[in-house]
Amino acid sequence: MPSRRTLLKGLALAAASSAVPLPAFAAAEHIPPLRQMRGMWIASVVNINWPSKPGLSAEQQKAEYLAWLDVAVQRKLNSVFVQIRPTADAFWPSPFEPWSQYLTGTQGQDPGYDPLGFAVAETHKRGLAFHAWFNPYRVSMQADPAKLHPDHPGRKHPDWILPFGGKLYYNPGMPEVRKFCQDAMMDAVTRYDIDGLHFDDYFYPTNTTAFDDSAAFAQHGAGFPDLATWRRHNVDLMVQEMQQLVLRAKPDIAWGISPSGIWRNKASDPLGSETSGGQSYDGLHADTRGWVKKGWLDYIAPQLYWYMGQPPADYTKLVPWWSDVASGTSTLLWIGQAAYKAGDPAQAVEWQAPDELSRHLTLNREHPEIGGDIWYNANDVKVDRIGSISTAVNDHYQRPALAPVLPRLAGGKAPNRPLLAHAVRKQGGVEVRAVATGRARPFLFAIYRFDSGAPSGAFADARNLVAVVPLDQHQAVWTDPEGRRGHHYYVVAVDRANRTSQPSDGIKVT
């Protein structure tokens, strides 16, 4: 006799494939989410992911990027976060900052094509969202200003930059620097068809006086009780003003940050987490909790790069803490997952368990505030050491998922209802063809399958969703390998903000 747990799992799998309602005793079994962030970071700084090394030809760089998109599709992701301004430089022809050295090996050298334009277009062809990842203040991974391109803003304005720890940084305390950085980043936002503007966890590099911004503090810090408070104010201004710039220029895109995972420890602040690690509030002068509570972000994706039970910073303690922070706010919560630690022999024994990351996502289910995950980094998602990524995908990504809708956009105009042109049996399954209607072309078609007609609420249940398909011009054709006579198909249009249309009329396969 199979165990009760085995029976429940089998029933859940059957429901997922056939949309048969679960019996009452199986109701507690997990129902997959219809909407879930499934992203990965593609890093360019020091050629971590793309391009894999400087000096590759344009065609080699393009081929590498397409291979990363193949990884995203294979792992059933719906979004990529691509680093396009790693060190005050650009992966597009920017009028503000030079071409990135990570493209050609020489800062300022034209790579022979527009990497950002290419990446955005190819990402969208595969039905994936493109989030443009910027590092706001880092200027160089080395500390000699003379090695910057002669036309680099740091050379033209040497007072804008400060050395620290073998690197160069823009000085966040200078208003003209903050405006310049915002203008440089917004250039990409306004000129390219991106889906999001994304910051990582680097703000001020340290809380020590070794980062010598004393002159800027003397000039601009009047009225602040100390250097740390002034620095936090400067970062707050960057975050708050970026929100306003995005809302004015491209209100349909997402604006968010992936900070380090600890705001403050409870020993420092009663509102803090039960941890004893580095604190973003004190170390990086990033009031990450405050940004959520003040509504300055569309989403926050804290980097919870610790295993479950880790003494200084326990994943099982930080997940409920962040969930509580996001609860009742308009800020979505996604979790940054440390794919790079799983199976790394230099890491703790807990990271050698193939199911560690999958268990993270299982815990997330207990916290409805969590709307998905972003994996760092793309190479680790690809190589799948010890099967950690494939385990998580098999356990949690079996059904397709639409990306989340920002709360502020949820009430916007929905896309037009599509036309389901046919659902016919062919060799290899059932071919479904859907066509967009109206002048505005949707981004995706979500295809639903039922054993009989669609019951009430059926289109909110991911167990009925069998595919999410990008359009080719105004239509999409997809073959369901599990389709058979008697199945009923419907199609829903999805726009770039992930809003959905009313379902099409259904077709029964004969």
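This text follows the structure it describes.
Thresholds applied
- Residues numbered from 1 in each chain as written.
- Predicted model: local features only at pLDDT ≥ 70, side-chain atom pairs only at ≥ 80, totals over all residues.
- Heavy atoms only, no water.
- Axes fitted to C-alpha atoms, helices over the stretch in contact; angles between N-to-C directions.
- Helix = DSSP H or I, 4+ residues; strand = E, 2+ residues; numbered from the N terminus.
- Left-handed = near helix turned anticlockwise from the far one by under 90°.
- Contact = heavy atoms within 4.5 Å.
- Nonpolar A, V, L, I, M, F, W, Y, C, P; charged D, E, K, R; others polar.
- Salt bridge = Lys/Arg side-chain N within 4 Å of Asp/Glu carboxyl O.
- Buried < 20%, exposed > 50% of the residue type's maximum accessible area, 1.4 Å probe, protein only.
- Expected span 1.5 Å × (residues − 1).
- Polar contact = N/O pair within 3.5 Å; in protein donor to acceptor, adjacent residues only side chain to side chain.
- Phe/Tyr/Trp six-rings, centres within 6.5 Å; stacked < 30°, edge-to-face > 60°.
- Lys NZ or Arg CZ within 6 Å of the ring centre and 35° of its normal.
- Pairing = 2+ DSSP bridges.
- Parallel < 35°, antiparallel > 145°, perpendicular 65-115°, else oblique.

Student: Explain the packing of helix α2 (residues 58-74) against helix α4 (residues 115-125) here, please?
Tutor: Interhelical geometry of α2 versus α4 gives an angle of 35 degrees and a closest axis separation of 10 Å. In this structure, the crossing between α2 and α4 has a hand that is right-handed. Where α2 abuts α4, its residues Lys62, Tyr65, Leu66 and Leu69 lie against Phe118, Ala119, Glu122 and Thr123. The class makeup of the residues in the contact of α2 with α4 is five nonpolar, one polar and two charged.

Student: For this particular structure, what's the right way to read the pattern of salt bridges?
Tutor: Where side chains of opposite charge bring their charged atoms close, a pairing between them can arise. Scanning the entire structure with this criterion turns up 25 salt bridges. Residues Arg499 and Asp252 are paired through a salt bridge, measuring 3.6 Å at the closest nitrogen-oxygen approach. Of the two residues, Arg499 sits in the loop between β17 (488-494) and β18 (507-508) while Asp252 sits in the loop between α8 (227-249) and β8 (254-257), which places them 247 residues apart along the sequence. What makes Arg499 buried here is its relative accessible area of 11%. On the basis of relative accessibility, which here comes to 43%, the residue Asp252 falls in the partly exposed class.

Student: How should α8 be read in this particular structure?
Tutor: Think of an α-helix as turning once every 3.6 residues; residues three or four places apart then point the same way. The end-to-end C-alpha distance of α8, which contains 23 residues, comes to 33 Å, matching closely the 33 Å that a straight helix rising 1.5 Å per residue would cover. Those residues of α8 that fall on the buried side of the exposure criterion are Trp230, Arg231, Arg232, Asn234, Val235, Asp236, Leu237, Met238, Val239, Met242, Gln243 and Val246. Those residues of α8 hidden inside the fold are in contact with α6 (175-191), β7 (196-199), α7 (214-220), β8, α9 (280-284) and α10 (288-293). Two or three places before Ala228, at the start of α8, stands the capping residue Asp226, its side-chain oxygen 3.4 Å from that residue's backbone nitrogen.

Student: What is the right way to read the packing of aromatic side chains from this model?
Tutor: Aromatic rings considered in pairs are described by the distance between their centres and by the relative angle of their planes. Within this structure, the stated rule accounts for 30 aromatic pairs. For the ring pair Phe217 and Trp230, a centre distance of 5.2 Å and an interplane angle of 45 degrees mean the geometry is tilted. Taken together, the positions of Phe217 in helix α7 and Trp230 in helix α8 put the pair 13 residues apart, joining distant regions of the chain. Seen from their ring centres, Phe450 and Phe459 are 5.6 Å apart, and the 75 degrees between their planes marks the pair as edge-to-face. The partly exposed category is assigned to Phe459, whose relative accessible area is 22%. In textbook terms, an aromatic cluster arises when at least three aromatic residues are bridged by ring pairs, as seen for Trp41, Phe81, Tyr305, Tyr340 and Tyr376. It is Arg138 that lies over the ring of Tyr202; its NZ or CZ is 5.1 Å from the centre. Over the ring of Phe443 we find Arg496; its NZ or CZ atom is 5.6 Å from the centre of that ring.

Student: Looking at this structure, how should I read the pairing of strand β14 (residues 444-450)?
Tutor: On any regular strand, side chains alternate: one points to one face of the sheet, the next to the other face. Of all seven residues making up β14, seven are buried, and the element is well covered by its neighbours. In the sheet, β14 pairs with strand β15 (residues 465-470) via five bridges, with the strands oriented antiparallel. Counted as the bridge partner of Ala446 is Val468 from β15. Two strands pair when backbone bridges link them, and β14 and β17 are joined in this way by seven bridges, in the antiparallel orientation. Note that in β17 the partner of Ala446 across the bridge is Val492.

Student: Can you walk me through the pairing of strand β6 (residues 167-170) in this structure?
Tutor: As judged from the two bridges shared by strand β4 (residues 138-140) and β6, these two strands associate in the antiparallel manner. The residue of β6 that forms the bridge with Ser140 is Leu168. The pairing of strand β5 (residues 161-164) with β6 spans four bridges and is classified as antiparallel. If you follow Leu162 over to β6, its bridge partner there is Tyr169. Turn length for the β5-β6 hairpin, with the two strands adjacent in sequence and antiparallel, is two residues, and the turn residue Gly165 shows positive phi of about 60 degrees.

Student: I keep staring at the packing of helix α12 (residues 356-364) against helix α14 (residues 388-396) and nothing clicks. Help me out?
Tutor: Packed helix pairs are specified by the crossing angle of their axes together with the interaxial distance, meaning the distance between the axes. Following both chains from N to C, one finds α12 and α14 inclined at 30 degrees, their axes separated by 7 Å at the closest point. Considering the angle they form, α12 stands roughly parallel to α14. Across the interface between the two elements, Leu357, Ser358, Leu361 and Thr362 of α12 pack against Ser388, Ile389, Thr391, Ala392, Asp395 and His396 of α14. Here the residues of the contact of α12 with α14 are counted per class, giving four nonpolar, five polar and one charged.

Student: In this structure, what is going on with the environment of Asp373? I would like to understand it.
Tutor: Tracing the backbone through its elements, the reader meets Asp373 in strand β11 (residues 370-376). Residue Asp373 is classed as buried on the basis of its relative accessible area of 2%. In sequence terms Asp373 and Met40 are 333 residues apart; their C-alpha atoms lie 8.3 Å from each other. Residues within four places of Asp373 in sequence aside, it is in contact with Met37, Arg38, Gly39, Ile335, Gln337, Leu361, Asn364 and Tyr397. Of note is the side chain of Asp373, whose polar atom sits 3.0 Å from the side chain of Asn364.

Any functional reading would require information that these geometric values do not contain.
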